[in-house]
Amino acid sequence: GAIADQQRAAQLQPANEQAYLVSAYARLALQQYKAAIQDLSAAIAINPNNTASWYHRGFIWQQLGQPKKARLDFNKANELGLQSLNDKLLGFEPE
């Protein structure tokens, strides 16, 4: 399926941030949160300035009941320029 294709693309081109992002978003939609965290972490390692990666990983940490990790990622997303209403709705304000 689509996730397997993206995993193969990531393996063939380990510096392909886009492959990790597509895989992460597919896994997020399937509520495969831990696998999505791994994909987003790989994408962040390739491009630590991608605001959306930090934001989505924070969202997943929140879903997994990890508010401290979520706050760190939301803070990083805000530091990189994300202005998101979701942060306020979830009760996360930049420190």
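Residues numbered from 1 in each chain as written. Predicted model: local features only at pLDDT ≥ 70, side-chain atom pairs only at ≥ 80, totals over all residues. Heavy atoms only, no water.

A. Representation of unusual backbone geometry within the structure. You will see that Gln-31, though not glycine, has its phi angle at about 60°, which is positive. Take Gln-31: it is sitting in the loop between helix H2 (17-29) and helix H3 (33-46). For Gln-31, a relative accessible area of 58% corresponds to the exposed category. (Helix = DSSP H or I, 4+ residues; strand = E, 2+ residues; numbered from the N terminus. Buried < 20%, exposed > 50% of the residue type's maximum accessible area, 1.4 Å probe, protein only.)

B. The arrangement of the environment of Ile-37 in detail. Of note, Ile-37 is situated in helix H3. Overall, the relative accessible area of 8% leaves Ile-37 in the buried class. Sequence separation between Ile-37 and Gly-58 is 21 residues, and the spatial gap between their C-alpha atoms is 9.1 Å. In contact with Ile-37, other than residues within four places in its own chain, are Arg-57, Ile-60, Trp-61 and Leu-64. (Contact = heavy atoms within 4.5 Å.)

Shape descriptors only; they carry no functional weight alone.
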